[in-house]
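Chains, contacts and geometry: an overview
Given next are the chains, with one letter for each unit.
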Amino acid sequence: MIGNVTSLTNNGLRDWLLQRFSALILAVYVFFLFGYFFSHPNLQFAEWHTLFASNGVRILSFVTLISIVVHAWIGIWTVTTDYLKCVYARLTAQVLVALVLLSLLIWGVEILWSNV
Amino acid sequence: MKAKRPVNLNLFTIRLPLPAIVSILHRISGIILFLGSPILLFFLQQSLHSEETFNQLKTLFSQPMAKGLWILFLAGVTYHLVAGIRHVVMDLGYGESLKAGRATSAAVILVTIVLTLMIGVWL
């Protein structure tokens, strides 16, 4: 049986689970950043730079980037399959979104690891 | 079944109850967050690039206009997060009745407003 070819995993339950799992990681990252900003009023460049030079924060940020790609893809896939009934319009929108998300991932990795 | 039943799928004339509004706002905020993510990444790049670009960002965020837009964006983040937590709670089997669904919908909006006000005051 063929599912929907544009769905991330071609399996509704797996998409559903990945959506929740990536959401959890994104929530952790949001709390981490809010907590950091809250505990560092009047933040200076040196501190901020040191934070992102640590491998732990880099890896957490990288995992967050992947979660953004997965989470946004499943979310926007759902919204576009619901509202864009014209196949050409839907596929065009989905291709554009996929390109944006992959670019974000590559750009994000560049930002995280070019910061020495 | 009657061949021609009256069907109304016009989003502008359908009456949306509160849980439906919360649901559509979850989608709309999700799209806004997606559209905002390249800007966030740009801010991250500028903040890490050099002390000069870091301070430029700080100056930018002290402008009332930029600050207002930033608070609006953070309201979107907060809303999406809170509505998402409601979703997961329902996935776990809690609050699935109509009454509970209406109550938690109202709670999502209320909590978002309170948290956004707190963020606004803090910034």
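All values derive from a computational prediction rather than experimental measurement. (Residues numbered from 1 in each chain as written. Chains lettered and ligands numbered in written order. Predicted model: local features only at pLDDT ≥ 70, side-chain atom pairs only at ≥ 80, totals over all residues. Heavy atoms only, no water.)

Section: the packing of helix α3 (residues 55-83) of chain A against helix α4 (residues 87-114) of chain A
All names here are of chain A. Our working definition: Structural elements are reduced to axes, namely lines fitted to C-alpha atoms, with helices fitted over the stretch in contact, and the angle between N-to-C directions of any two is expressed from 0 to 180 degrees. Strands here are runs of E lasting at least two residues and helices are runs of H or I lasting at least four, both read from the DSSP assignment and numbered beginning at the N terminus. The cut-offs work like this: below 35 degrees is roughly parallel, past 145 is roughly antiparallel, 65 to 115 is roughly perpendicular, and the gaps in between are oblique. Throughout this entry, Asp, Glu, Lys and Arg are counted as charged residues, while Ala, Val, Leu, Ile, Met, Phe, Trp, Tyr, Cys and Pro are counted as nonpolar. The remaining residues, Gly among them, count as polar.
At a minimum axis distance of 10 Å, the contact between α3 and α4 shows a crossing angle of 175 degrees. One element, α3, and the other, α4, form an angle in the roughly antiparallel class. Classifying every residue of the contact of α3 with α4 by side-chain character gives 18 nonpolar, five polar and two charged.

Details of the pattern of salt bridges
In plain terms, the rule: Any carboxyl oxygen of Asp or Glu within 4 Å of a side-chain nitrogen of Lys or Arg constitutes a salt bridge here. Any residue under 20% of the maximum accessible area for its type is buried, any over 50% is exposed, and the rest in between are partly exposed; the area is computed with a 1.4 Å probe on protein chains only.
Summed over the entire model, instances satisfying the criterion amount to two salt bridges over all chains. Residues A:Arg20 and B:Asp91 are paired through a salt bridge, measuring 2.7 Å at the closest nitrogen-oxygen approach. Taken together, the positions of A:Arg20 in helix α1 (residues 12-39) and B:Asp91 in helix α3 (residues 64-91) put the pair across two chains. A relative accessible area of 33% places B:Asp91 in the partly exposed class. B:Arg27 serves as the salt-bridge partner of A:Asp82, at 2.8 Å between the closest nitrogen and oxygen. Of this pair, A:Asp82 sits in helix α3 while B:Arg27 sits in helix α1 (residues 18-49), each in a different chain. Its relative accessible area of 37% is what places A:Asp82 among the partly exposed residues.

A few points about the interface of chain A and chain B
Stated formally: The contact criterion used is simple: two residues touch if any of their non-hydrogen atoms lie within 4.5 Å. When two components associate, each loses some accessible surface as probed by a 1.4 Å sphere; the sum of these losses over both components is called the buried area. Pairing of N or O atoms within 3.5 Å defines a polar contact, subject to two protein rules: one partner must be a possible hydrogen donor and the other a possible acceptor, and residues neighboring in sequence count only if both atoms are side-chain atoms.
Chain A puts 31 residues into the contact, and the matching count from chain B is 26 residues. Roughly 2,500 Å² is buried in total at the junction of chain A and chain B, and carbon and sulfur atoms are behind 76% of that figure. The largest share of the area that chain A buries against chain B comes from A:Phe34, A:Phe45 and A:Trp107, three residues that together contribute 24% of it. Viewed at the interface, chain B and chain A are joined by two salt bridges. Where chain A meets chain B, there are six residue pairs in polar contact (both at pLDDT 80 or more). Elements with a contribution of two residues or more to the side of chain A that touches chain B: α1, α2 (45-53), α3 and α4 of chain A. Of the residues contributing to the side of chain A that touches chain B, the split by class is 22 nonpolar, seven polar and two charged.

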